Amino acid sequence: MWPLDPPSVTADESYLACSRSIQDRREKPGKPARPYRRLLAAAAPDISAASQRFEKAAAEGSLLGLKAEDFRVPGFGDDEAHRVIYARGMVKNKAGRQIYDALMAAPAHERCPFCGHGIVRELDHHLPKSSYPALCVTPLNLVPACKDCNDLKGSFVPNSPESVLIHPYYDRIDDDPWLSAKVVHTAEPTLDFFVDPPDTWDQITVSRVKHHFDLFELGRTFGTQANRLVSNIQYGVEKLLRAVGSDAVREYLQEEAETRFKSQLNGWEGVTFLTLSEDDWFCEGNFIGNSGSTG
Ligand SMILES: [Zn+2]
């Protein structure tokens, strides 16, 4: 959801760096010889063309139309292609690894662009390498992600316009506020997060963002973090309320929200403070005395 500047390294440069140090496999018991050097050189034009088709479709928002059968690597089995080109050529080989590391270093503060919260630990293949091996080292198909988001996405492939995931290099939804929450008025106040899109969004964008929010379980992640934060500030809020009153509580919460929105418009922290500041039940301290841990 959170945008990233597209990488500057091209698909052709990446493929060359990842493939040039791969050696042929000699015959081993149970494994035939494989002339990888010749096969990789012969596949270069197909890889280049596949990357161009991907980049054009991603820019036009038409990734859904790309068929997996058009993204095989000639001369390779599907699993063999990404094991050789990505796992050996990019992750484990020096020239490829430099590109891998540069892609991983792109997000500010190592913040995962899918959840805006977790620490970047892996590269996610936007179109999965198992089904689209020709894109396994295409930089625009490689997005840094936290482990949770990469696991939750798995080898997901969209099957409708509404399920096309938000792509951090191409989609710019974060210029608008789209994340909201409401306070659940219980003894220990908690927050429920949801997608609250602006009126200017088209219906497909709304559905895509809601699908992304559900697939990456953002409601659960944000809710858990926010509930900890509410619990942490409760004591201070009670003190402020008794000393100065509910207007001072609102002002404090608004200022905290404003500070956080400066760095992340749709971050759960800013939304938490804003939601609390707009909730009279919370600002007037109606939770006090309802919980064993307060008072
Ligand atoms: Zn994440």
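In every chain, residue numbers begin from 1 and rise along the written sequence. The model is predicted, so local features are restricted to residues of pLDDT at least 70 and side-chain atom pairs to those at 80 or more, both for listing and for counting; the totals for chains, interfaces and linings are taken over all residues. Based on all heavy atoms of the structure, the side-chain values leave hydrogens and waters out of the count.

(A) Structural context of the overall build of the chain. A tally of regular secondary structure across the chain gives 10 helices and 4 strands. For the purposes of this entry, the term helix denotes a DSSP run of H or I that reaches at least four residues, the term strand denotes a run of E that reaches at least two, and both are numbered from the N terminus. Across the chain, helices and strands are ordered from the amino to the carboxyl terminus as α-α-α-α-β-β-α-β-β-α-α-α-α-α. Projecting the C-alpha coordinates of the chain onto the three principal axes gives extents of approximately 80 × 40 × 30 Å. Only heavy atoms enter the contact rule, under which two residues are in contact if any of them lie within 4.5 Å. Across the chain, the fraction of contacts at a sequence separation of at least 24, relative to all contacts at a separation of at least 6, is 69%. Only the protein chains shown count as cover for residues, with accessible areas throughout obtained via the Shrake-Rupley method and a probe of 1.4 Å. Element-wise, carbon and sulfur atoms account for 48% of the exposed surface of the chain, whose accessible area totals about 14,700 Å². Looking at charge distribution, the chain has the averaged site of its 33 positive side-chain charges lying 12 Å from that of its 42 negative ones. For the charge count, each Lys or Arg is scored as positive and each Asp or Glu as negative, with His and the chain ends excluded. Taken as the charge location is NZ of Lys, CZ of Arg, CG of Asp or CD of Glu.

(B) Spotlight on the packing of aromatic side chains. Here the aromatic set is Phe, Tyr and Trp, taking the six-membered ring for Trp, and pairing holds for ring centres within 6.5 Å; pairs whose planes are under 30 degrees apart are stacked, those over 60 apart are edge-to-face, and all others are tilted. On inspection of all chains with the given rule, the structure shows 9 aromatic pairs. Note on Phe213 and Phe222: the rings are 6.4 Å apart at their centroids and 65° apart in plane angle, and the pair reads as edge-to-face. Accessibility assignment for this pair places Phe213 and Phe222 in one class, buried. Three or more aromatic residues joined by ring pairs make a cluster, and in this case those are Phe193, Phe213 and Phe222. For a ring to carry a charge above it, either NZ of a lysine or CZ of an arginine must fall within 6 Å of the ring centroid while also lying within 35 degrees of the normal to the ring plane. Positioned over the ring face of Phe71 is Arg53, at 4.8 Å from the centre of the ring. For every residue, the accessible area obtained with a 1.4 Å probe (protein chains only) is divided by the maximum for its type, and the residue is called buried under 20%, exposed over 50%, and partly exposed between those limits.

(C) Inspection of the coordination of the zinc ion at higher detail. Water is not part of the atom set, so a site may look incomplete; the donors themselves are N, O and S atoms within 2.8 Å of the metal, or 3.2 Å for Na, K and Ca. Those protein atoms acting as donors to the zinc ion are Cys112 (SG), Cys115 (SG), Cys146 (SG) and Cys149 (SG), and they sit at 2.3 Å. Geometry assignment treats four donors as tetrahedral when all angles are between 85 and 135 degrees, treats four as square planar and six as octahedral when opposite donors are over 155 degrees apart and all others between 65 and 115, and treats everything else as irregular. One can describe the site at the zinc ion as tetrahedral: its 4 donor atoms subtend angles covering 105 to 114° at the metal. In primary-sequence terms, the residues that donate to the zinc ion follow C-x2-C-x30-C-x2-C. With respect to class, Cys146 is no different from Cys149; both count as buried.

(D) Structural view of the pairing of strand E3 (residues 179–184). Should DSSP find at least two bridges between two strands, the strands are taken to pair. Pairing between E3 and strand E4 (residues 190–195): 6 bridges, direction antiparallel. Each residue of the ladder has a partner; that of Ala181, found in E4, is Phe193. Hairpin connection from E3 to E4: 5 residues lie between these consecutive antiparallel strands.

(E) Just a positive patch on the surface, in detail. Taken together, the side chains of Arg26, Lys28, Lys31, Arg83, Arg88 and Lys92 define a basic patch exposed on the protein surface. Turning to its location among the elements, Lys31 is positioned in the loop between helix H1 (11–19) and helix H2 (36–60). Overall, the relative accessible area of 44% leaves Lys31 in the partly exposed class. Residues qualify for a patch when their relative accessible area is over 30% and they have no salt bridge, like charges being joined within 9 Å and the nonpolar side chains of Val, Leu, Ile, Met, Phe, Trp and Tyr within 5 Å. When a carboxyl oxygen of Asp or Glu is within 4 Å of a side-chain nitrogen of Lys or Arg, the pair counts as a salt bridge.

(F) View of unusual backbone geometry. Despite not being glycine, His109 shows a phi value in the positive range, around 55°. Tracing the chain through its elements places His109 in the loop between helix H4 (94–104) and strand E1 (122–125). Take His109: its relative accessible area is 72%, and that puts it in the exposed class.

(G) Layout of the domain arrangement of the chain. Start and end points for every domain follow an automatic or database-based domain assignment. As far as domains go, the chain holds domain 1 (11–162) and domain 2 (179–283). Inter-centroid distance (C-alpha atoms) of domain 1 to domain 2 is 37 Å. In this assembly, 11 residues from domain 1 lie in contact with 15 residues from domain 2. Taken over both partners, the interface formed by domain 1 and domain 2 buries close to 1,200 Å², and the fraction arising from carbon and sulfur atoms is 64%. Contact with domain 2 buries area across many residues of domain 1, yet His117, Leu152 and Glu162 alone supply 44% of it, more than any other trio. Here a polar contact means two N or O atoms within 3.5 Å. Within protein one must be a hydrogen donor candidate and the other an acceptor candidate, and residues neighboring in sequence count only if both atoms are side-chain atoms. At the junction of domain 1 and domain 2, the tally comes to 4 residue pairs in polar contact (both at pLDDT 80 or more). Each residue gets one label: Ala, Val, Leu, Ile, Met, Phe, Trp, Tyr, Cys and Pro are nonpolar, Asp, Glu, Lys and Arg are charged, and the others, such as Gly, are polar. In terms of residue class, the side of domain 1 that touches domain 2 is made up of 6 nonpolar, 2 polar and 3 charged. Put simply, buried area is the surface a 1.4 Å probe can reach on two separate parts but cannot reach once they are joined, added for both.

(H) Seen up close, empty space enclosed by the protein. Using a 1 Å grid laid over the protein atoms alone, points where a 1.4 Å probe fits but cannot get out form a cavity; open sets with protein on both sides within 12 Å along at least 5 of 7 lines form a pocket; any residue with an atom within 4 Å of a point counts as lining. Grid points are joined across faces, edges and corners, and a volume is the space filled by probe spheres set on the points. Within the structure shown, the criterion is met by 1 cavity of 30 Å³ or more. Of the volumes computed, that of the largest cavity is approximately 50 Å³. In terms of lining, the largest cavity is formed by Leu63, His126, Leu127, Lys153, Phe156, Pro158, Ser163 and Leu165. Here the lining of the largest cavity is built from residues that sort into 5 nonpolar, 2 polar and 1 charged.

(I) Representation of the environment of Ser263 in the model. One can find Ser263 in helix H8 (residues 246–263). Take Ser263: its relative accessible area is 58%, and that puts it in the exposed class. With 137 residues separating them along the chain, Ser263 and His126 place their C-alpha atoms 26 Å apart.

(J) Layout of the packing of H1 against H2. Orientation of H1 relative to H2, taken along the N-to-C sense of each, is 145°, at an axis distance of 9 Å. When you trace H1 past H2, the crossing you get is right-handed. In contact with Ala11, Asp12, Tyr15 and Ser19 of H1, H2 contributes Leu40, Ala43, Ala44, Ile47, Ser48, Ser51 and Glu55. Of the residues contributing to the contact of H1 with H2, the split by class is 6 nonpolar, 3 polar and 2 charged. Note on geometry: axes are lines fitted to C-alpha atoms, helical ones only across the stretch in contact, with angles between N-to-C directions running from 0 to 180 degrees. Take the far helix as your reference; a near helix turned counterclockwise from it by less than a right angle gives a left-handed crossing, and one turned clockwise gives a right-handed crossing.

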